[in-house]
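Chain by chain, the residues run as shown.
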Amino acid sequence: PYSGEMYNIHFTYLNTPLQATPEHPLFVVKEGWRWNWRNHYGGVKEDALSWVKCKDIAPGDFIGFPRNYQTTDLSIINNEMAELIGWYLAEGSKTEERITISLGYHEKEHIERVVFLMQHLFGKRPKLYERATSLHICQADQEFTAIFDTMGNGALEKRLPAWALYLPISKQALILKSLFAGDGHYSPSGVVYATSSVQLAYQIH
């Protein structure tokens, strides 16, 4: 419980501020740091950062975000499952014992890939249901589909489970690959991913 003044810290490239109490410390560079592409992608040396109270942070200060180098592999999440997780987060839904990936009829290559992944992982070919604007690829197997319960159901609730953020980089890349194949696109300034889930957006970031 807290009653008192709060600060909103706004970050470049993030549209949701961090809210903190005046005395809350953050890891900050206040002197000698200038934005450039090398710093943006390469980061700054840790000895340039110091703990600064929130009330003493000023516009233009650099606040460090930690990079996660720790990985924990899970044997149950092989390459094919990692790829299917991305498809589920982008285009999937779940009932008690069934997952469904919905794709447009024009996405023939993606449809073939999802069918292959499901058949390879679950040992049986998924059922296909034709709808007016999309093809639904369904796999019913409560034992095997239970893992998707941890990833939310519905666009607003989609999320990566905590363990997914610590998978080896090669498996994280496969999740991102199918995520972007489902809901991403290229723009003149780079690659864009669109989602209704705030939590998933920041996890991808």
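As shown above, the structure is provided for reference.
Model, not experiment: these values are computed from the prediction. (Residues numbered from 1 in each chain as written. Predicted model: local features only at pLDDT ≥ 70, side-chain atom pairs only at ≥ 80, totals over all residues. Heavy atoms only, no water.)

Draft legend 1. A look at the sheet that holds strand β7 (residues 98-104). Across the sheet, 4 strands lie side by side as β6-β7-β9-β8; this open sheet has antiparallel pairing. A single partner strand is all that each edge strand has here, and the edge strands are β6 (92-94) and β8 (127-130). Going across the sheet, the axis of each strand differs from the next one's by a mean of 25 degrees, ignoring polarity. Helix α2 (residues 79-91) rests against β6 and β7 of the sheet, and its axis sits at about 70 degrees to β7. Its contacts with the sheet put helix α3 (residues 108-122) on β7, β8 and β9 (134-140), and the angle it makes with β9 is roughly 5 degrees. (Pairing = 2+ DSSP bridges. Helix = DSSP H or I, 4+ residues; strand = E, 2+ residues; numbered from the N terminus. Axes fitted to C-alpha atoms, helices over the stretch in contact; angles between N-to-C directions. Contact = heavy atoms within 4.5 Å.)

Draft legend 2. Summary view of the sheet that holds strand β5 (residues 62-63). The strand order across the open sheet built from 3 strands is β4-β3-β5, with neighbouring strands paired in antiparallel fashion. With partners counted over all chains shown, the strands left at the sheet margins are β4 (50-53) and β5, one partner each. Pairing geometry for strand β3 (residues 25-29) and β4, over 4 bridges, is antiparallel. Bridge pairing in β4 places P25 opposite K53.

Draft legend 3. Up close: helix α5 (residues 169-183). An ideal rise of 1.5 Å per residue puts 21 Å on 15 residues; α5 measures up with 21 Å between its terminal C-alpha atoms. Residues K171, L174, I175, S178, L179 and G182 constitute the buried set of α5. Taken around the axis of α5, the buried residues stretch over an arc of 130 degrees, which confines them to a single face. Of the residues in α5, the exposed ones pointing more than 90 degrees away from the buried face are I169 and K177. Lining the buried residues of α5 we find α2, β10 (184-187), β11 (190-193) and α6 (198-204). (Expected span 1.5 Å × (residues − 1). Buried < 20%, exposed > 50% of the residue type's maximum accessible area, 1.4 Å probe, protein only. Arc of directions from axis to C-beta.)

Draft legend 4. Region of the structure containing the pairing of β9. In terms of burial, β9 is a largely internal element, 5 of the 7 residues being buried. Here β7 runs beside β9; their pairing, made up of 7 bridges, is antiparallel. Its bridge partner lying in β9, S102 is registered against H136. Where β8 hands over to β9, the hairpin turn is made up of 3 residues, counted between the paired strands.

Draft legend 5. Inspection of the packing of α2 against α3 at higher detail. Running from N to C, α2 and α3 point in directions that differ by 130 degrees, and their axes come no closer than 10 Å. By the angle between their axes, α2 is oblique relative to α3. Seen from above, α2 lies across α3 with left-handed handedness. Note on element contacts: α3 touches α2 through H110, R113, V114, L117, M118, H120, L121 and F122, opposite E80, M81, E83, L84 and W87. Of the residues that constitute the contact of α2 with α3, the class distribution is 8 nonpolar, 2 polar and 3 charged. (Parallel < 35°, antiparallel > 145°, perpendicular 65-115°, else oblique. Left-handed = near helix turned anticlockwise from the far one by under 90°. Nonpolar A, V, L, I, M, F, W, Y, C, P; charged D, E, K, R; others polar.)

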